[in-house]
Amino acid sequence: MSQAKLNDEKGLVGQPIDRVDGRLKVTGGARYAAEFSAPRLTYGVLLQSSVAKGKITKLDTSAAEAAPGVVAVITYKNVLPPAPPPPQKPNPANQNGPPQKPPEAPFREEIKFSGQNVALVVAETLEQAEHGAQLIQVEYETEKPDVFFEDHLDKAFAPSGSNRPLTSKRGDFEAGQKSAAFHVEAVYRTPVEHHNAMEPHATVALWNDDGLLIYDSTQGVQGSAQTVGKYFGLQPKEVHLIDPFVGGGFGSKGQSWPHSTIAAIAAKTVGRPVKIAITRRQMFTSNGHRPATRQAEVLGADKDGKLVAIQHLAVNHVSASDTFVEPTGSLASMLYSCPNVDISHQLVRVNVDPPTYMRAPGESSGSFAIETAMDEMAWACGLDPLEFRLRNYAETDESEKKPYSSKSLRECYRQASEAFGWSRRNPEVGKMRNGRWLVGYGMATASYPANCRPASAKAVMTAEGRVRVTCATQDLGTGTYTILTQIAAEELGIDRSLVRVEIGDSLFPMGPGSGGSCSAASVGSSVQETARGLRRALLEMAAATPNSPLTGAAPDAMEVSAGRVSLKSDSHKSLTYSEILRRNNKESIEHLGNTKRSDEASKSHSMHAFGAQFCEVHVDPDLRMIRVARWSGAFAVGKVLNAKTLTSQLHGGIVWGIGMGLLEETILDPNLGRYINTNLAEYHVPVNRDVPPIDIHLIEEQDLLVSPVGVKGAGEIGITGAAAAIGNAVYHATGKRVRDLPITIDKIL
Ligand code: MOS
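The shown structure was predicted, so the numbers you read here are calculated from the model rather than taken from an experiment.

How do you make sense of the overall build of the protein when you look at a structure like this?
If you tally the helices and strands in the protein, you get 18 helices and 29 strands. For 749 residues, the compact-globule estimate of 2.2 N^0.38 gives 27 Å, and the C-alpha radius of gyration of the protein, at 28 Å, lies within 12% of that figure. Considering only C-alpha atoms, the protein reaches an extent of 80 × 70 × 60 Å along its principal axes. Sorting the 749 residues of the protein into buried and exposed places 59% on the buried side. Within the protein, contacts between residues separated by at least 24 positions form 81% of all contacts whose residues are at least 6 apart in sequence. A total accessible area of about 29800 Å² is found for the protein, and carbon and sulfur atoms account for 51% of it.

Looking at this model, I keep getting lost on unusual backbone geometry. Mind explaining?
Glycine aside, the phi torsion of most residues is negative, and most peptide linkages are trans. The omega angle of the peptide bond from leucine 741 to proline 742 is -10°, so this bond is cis rather than trans. Here proline 742 shows up in the loop between helix 17 (722-734) and helix 18 (745-748). Here lysine 401, not a glycine, exhibits a phi torsion of approximately 55°, which is positive. Looking at the element boundaries, lysine 401 is found in the loop between strand 16 (396-397) and strand 17 (402-403). Note on lysine 401: relative accessible area 69%, which makes it exposed. Residue asparagine 585 is not a glycine yet carries a positive backbone phi of 55°. Within the secondary structure, asparagine 585 sits in the loop between helix 14 (577-583) and strand 26 (588-595). Looking at asparagine 585, the relative accessible area reads 73%, which means it is exposed.

I tried to follow the nonpolar core on my own but got confused; where do I start?
For soluble globular proteins, nonpolar side chains are generally found buried alongside one another. Ranked by internal contacts, the top residues of the largest apolar core, which has 85 residues, are Leu299, Val617, Trp631 and Ile726. Those residues in contact with leucine 299 that sit more than four places away from it in its chain are Gln177, Phe182, His183, Val184, Leu307, Ala309, Ile310, Ile370, Ala373, Met374 and Met377. Grouped together as the second largest cluster of nonpolar side chains are 51 residues, Met461, Leu492, Leu498 and Ala543 included.

Any chance you could explain the pairing of strand 24 (residues 564-567) here in plain terms?
Side chains on a regular strand alternate between the two faces of the sheet. Two strands pair when backbone bridges link them, and strand 23 (residues 558-561) and strand 24 are joined in this way by four bridges, in the antiparallel orientation. Across the sheet, serine 561 pairs through a bridge with arginine 564, a residue of strand 24. Linking two consecutive strands that pair antiparallel, namely strand 23 and strand 24, is a turn of two residues; a positive phi of about 50° is found at alanine 562 within it. Here strand 24 runs beside strand 25 (residues 574-576); their pairing, made up of three bridges, is antiparallel. By the bridge assignment for strand 25, arginine 564 is matched with threonine 576. The antiparallel pairing of strand 24 with strand 25 creates a hairpin that spans six residues between the two strands.

How do you make sense of the pattern of salt bridges when you look at a structure like this?
Proximity of charged atoms lets side chains of opposite charge pair with each other. Tallied over the full model, the rule gives 42 salt bridges. For the salt bridge of aspartate 342 with lysine 169, the shortest nitrogen-to-oxygen distance reads 2.6 Å. Within this pair, whereas aspartate 342 is found in strand 15 (residues 341-349), its partner lysine 169 is found in strand 7 (residues 168-170), the two being separated by 173 residues in sequence. Accessibility expressed as a relative area gives 12% for aspartate 342, which makes it buried. The partner of aspartate 740 in a salt bridge is lysine 747, with the nearest N and O atoms 3.5 Å apart. Within the structure, one salt-bridge network assembled from shared partners comprises Asp375, Glu376, Arg737 and Arg739.

What exactly am I supposed to notice about the domain arrangement of the protein here?
The accessible area lost on association of the parts is a frequent measure of interface size. If you check the domain split of the protein, you get domain 1 (3-20 + 453-596), domain 2 (42-142) and domain 3 (168-192 + 289-451 + 602-748). Centre-to-centre, using C-alpha coordinates, domain 2 lies 40 Å away from domain 3. Taken over both partners, the interface formed by domain 2 and domain 3 buries close to 590 Å², and the fraction arising from carbon and sulfur atoms is 56%. The largest per-residue losses of area from domain 2 upon contact with domain 3 belong to Lys112, Phe113 and Ser114, which jointly make up 63% of the total buried on that side. The interface formed by domain 2 and domain 3 includes two residue pairs in polar contact (both at pLDDT 80 or more).

Got a minute to help me understand the sheet that holds strand 2 (residues 54-60) in this structure?
As a general point, the strands of a sheet are linked pairwise by backbone hydrogen bonds and lie either parallel or antiparallel. Across the sheet, three strands lie side by side as 4-2-6; this open sheet has antiparallel pairing. Two strands close off the open sheet at either side, each with one partner strand: strand 4 (110-111) and strand 6 (137-142). Relative to strand 6, strand 2 runs antiparallel, the two being bridged by six bridges. Across the sheet, residue glycine 54 finds its bridge partner in strand 6, namely threonine 142.

What's the story with the packing of aromatic side chains in this structure? I'm lost.
Two aromatic rings are characterised by how far apart their centres lie and by the angle between their planes. Under the counting rule described, the total for this entry stands at 16 aromatic pairs. Geometrically, the ring pair formed by tyrosine 404 and phenylalanine 610 is edge-to-face, given 5.3 Å between the ring centres and 90° between the ring planes. Pair noted here: tyrosine 404 is in the loop between strand 17 and helix 11 (409-420) and phenylalanine 610 is in strand 27 (residues 608-619), with a separation of 206 residues, a long-range link. Across the pair, exposure class does not vary: tyrosine 404 and phenylalanine 610 are buried alike. Taken together, a centroid distance of 5.9 Å and an interplanar angle of 35° make the contact between phenylalanine 420 and phenylalanine 614 tilted. Here phenylalanine 614 lies in strand 27 and phenylalanine 420 lies in helix 11, a separation of 194 residues in the sequence. Taken as a pair, phenylalanine 420 and phenylalanine 614 share a single burial class, namely buried. Counting every residue linked through ring pairs, the aromatic cluster contains Phe420, Trp422, Tyr441 and Phe614. In this structure, arginine 630 packs its charged tip against the face of phenylalanine 420, placed 4.1 Å from the ring centre.

Any chance you could explain helix 6 (residues 258-270) here in plain terms?
Three or four residues apart is the spacing at which side chains of an α-helix point the same way, because the helix has 3.6 residues per turn. Helix length check: helix 6 (13 residues) gives 18 Å between terminal C-alpha atoms against 18 Å at 1.5 Å per residue, within 8%. The element helix 6 is extensively covered by neighbouring structure, given that 10 of its 13 residues are classed as buried. Those residues of helix 6 lying buried are His259, Ser260, Thr261, Ile262, Ala263, Ala264, Ile265, Ala266, Ala267 and Val270.

Can you help me understand the environment of aspartate 60 in this one?
For aspartate 60, the location among the structural elements is in strand 2. When sequence neighbours within four positions are dropped, the list of residues in contact with aspartate 60 reads Leu135, Ile136 and Gln137. Reaching out from aspartate 60, the side chain makes a polar contact with the side chain of serine 62 at a distance of 2.6 Å.

What is the right way to look at the pairing of strand 14 (residues 307-318) in this model?
Of all 12 residues in strand 14, 11 are buried, a share of seventy percent or more. Here strand 13 (residues 293-301) runs beside strand 14; their pairing, made up of nine bridges, is antiparallel. Counted as the bridge partner of glutamate 297 is histidine 312 from strand 14. Taking the residues that link successive antiparallel strands as the turn, the strand 13-strand 14 hairpin has five residues, and the phi of glycine 305 there is positive, at about 80°. In this sheet, strand 15 lies alongside strand 14 in parallel orientation, the contact comprising nine bridges. In the strand pairing of strand 15, leucine 313 is matched with serine 344. Considered for its hand, the β-α-β crossover made up of strand 14, helix 8 (residues 329-334) and strand 15 is right-handed.

So what exactly am I meant to see when it comes to the environment of proline 258 here?
Along the chain, proline 258 turns up in helix 6. When the C-alpha positions of proline 258 and glutamate 174 are compared, they lie 46 Å apart, and in sequence the two are 84 residues distant. Proline 258 has contacts with Asn117 and Ser286, leaving out every residue within four places of it along the chain.

Where do I start with the sheet that holds strand 24 in this structure?
Read from one edge to the other, the open sheet built from three strands follows the order 23-24-25, with strand pairing classed as antiparallel. Pairing within the sheet leaves two strands with one partner each, and these edge strands are strand 23 and strand 25. Direction aside, neighbouring strands of the sheet carry axes that sit 20° apart on average. Strand contacts of helix 13 (residues 519-543): strand 23 and strand 24, with the helix running at about 120° to strand 23, the strand carrying the most contacts.

Rules of the game
- Residues numbered from 1 in each chain as written.
- Predicted model: local features only at pLDDT ≥ 70, side-chain atom pairs only at ≥ 80, totals over all residues.
- Heavy atoms only, no water.
- Helix = DSSP H or I, 4+ residues; strand = E, 2+ residues; numbered from the N terminus.
- Rg over C-alpha atoms; globule rule 2.2 N^0.38 Å.
- Buried < 20%, exposed > 50% of the residue type's maximum accessible area, 1.4 Å probe, protein only.
- Contact = heavy atoms within 4.5 Å.
- Areas by Shrake-Rupley, 256 points an atom, 1.4 Å probe, with all protein chains shown as cover.
- Core = buried A, V, L, I, M, F, W, Y, C linked by side-chain atoms within 4.5 Å.
- Pairing = 2+ DSSP bridges.
- Salt bridge = Lys/Arg side-chain N within 4 Å of Asp/Glu carboxyl O.
- Domains from an automatic or database assignment.
- Buried area = accessible area lost by both parts, 1.4 Å probe.
- Polar contact = N/O pair within 3.5 Å; in protein donor to acceptor, adjacent residues only side chain to side chain.
- Phe/Tyr/Trp six-rings, centres within 6.5 Å; stacked < 30°, edge-to-face > 60°.
- Lys NZ or Arg CZ within 6 Å of the ring centre and 35° of its normal.
- Expected span 1.5 Å × (residues − 1).
- Right-handed = clockwise from strand over helix to strand, strands pointing away.
- Axes fitted to C-alpha atoms, helices over the stretch in contact; angles between N-to-C directions.

Written as structure tokens, this is what we have:
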């Protein structure tokens, strides 16, 4: 490539460029976990429990073991036990802590949920392993499972030790409620939902001289490597986890699930590589779900439509062994200005698999309750729903008593409502029509916390002027490769084609798990810092290069463009990066950058992304079919790194909000405690016909408190408020208020 054609890439950050990995993806060149292989690979198939509660009384694996091709059958009887935890260091700060518990063996005699792993059959081929799994004879002593948490609310307990605040109180809720002129009291419910990432979970594990090598599908290559390694007492460096591409995670790959450890155990047991690919059906019990929630909401407003009381009492189900909180009250605590607030969360144990994070855990399900209740209150006060929200606009985070680092929600309301044409809304119920269909307009507020975690990245420039950037982050399909390429190219002033970003490898410099919408903020910051550091080092090297046009130049007297360093005062005095390295006899130059959000900023400010959702629904007056007809959303999520991938994230969140609002629900059999719609034919996700034109507006913010690169994160905010906006529009069209998701035809007939 001739130098003349190289782009200086100024202004590349923010541009809606195509994905740098797009071609690999559409040509099948991007490899996903289950596509990796190894010499002498074997296949593992899991047998899972058909009962939800009880005990294995008979487990006969002899027929399976004798079947053709079967290499091993692993059950609770013969599973390699976990390594004992390392001896506690004599650290005085540690002495009062509980002793470290060893990891639990992944197979047990006792059954606590339907779909619990009972055995792994390892065979020469996948078909032989599947056949072997069918030959295992299991008998259970069964007990009646607890299936629906609302039948057991008397056993609700307050959890401790969540990383999110579980109670939030200010003022005097009772007194506020007594003083209110208008009241809304309602219970909102969200069902069990499953992530159903396009790429099912899969692990290929093998042992070599360096330790354990795993190909896995995960939202955190380093976290997952550590979880699996812990079972064997391995140090982080002894587990090498590789995951170059992830076909969606949405929280289901936010932690390492038992199948990954089982694959490593099996590989050790049989002395050969083992591949376990979780089936679509097994994904319903093997990697978590969004727990069912019950959210009792009480709002009080004075005669002017000013909120004076908010109460949000939430309960979600958990399994027999976890204390996962779906923090549905997080938005109710801070979204609106209100002096008297009472938020709390409780859990109820039932016989289901452990729930986990699912896209905007807490905010998505919680926004359905608070944003529907706000709509109900707007009707009660006789106010337009948007006007009602503006009257209760929170200038500061009243739950934390802190200013926001930035908040552009008013601008979101303005742009989205104008684009949508909210002013054309007839304020009465059932008065708008499109042909024979009833028309409803609905809106809701969107918000999600802005997270930023410590991250490192390394950049190495070779004498050819090419740069390799590495970080142990991962691209869930969101565009991480692309934005990191944009940042590195712009900061270094080199053509994007010369930047190679490598991620998805646990041995690369430290990267956080991709959860809580934190990756662009965290890793974008570290790559920016790393590229700047490398540029500084190159400028210093240029100035120290004897007998060159740049000898002795001060760093700020130079600029970089198209791979060339020149004097600002005389652009003819210049050296290319390659020339700088070659004149100094260097093969390469590198820089490692570390970033984190400033601790002072975290203490002094509340950090959230905000948005506004507006939608139109059409409801068939006789058959009550519901169609989302169009959508406008405006979002303020800090700096825009790539307008295309960012819009795509928000778009995807809204599409999922349509699923959450109208379609998605995993149904439990009341007697068996078993999910009954464990496939994509019966677990309905939106298809193209369900998704209308979605119009996204980005309101860019300058906020360097949220993260060094200025990003707030956008992976999750798009789903927040979406289901409520649909429900509010359905109410406007029909006068039917549906308080339990999904809003299906039968509920508005
Ligand atoms: Mo997200 S649910 O924090 O992966």
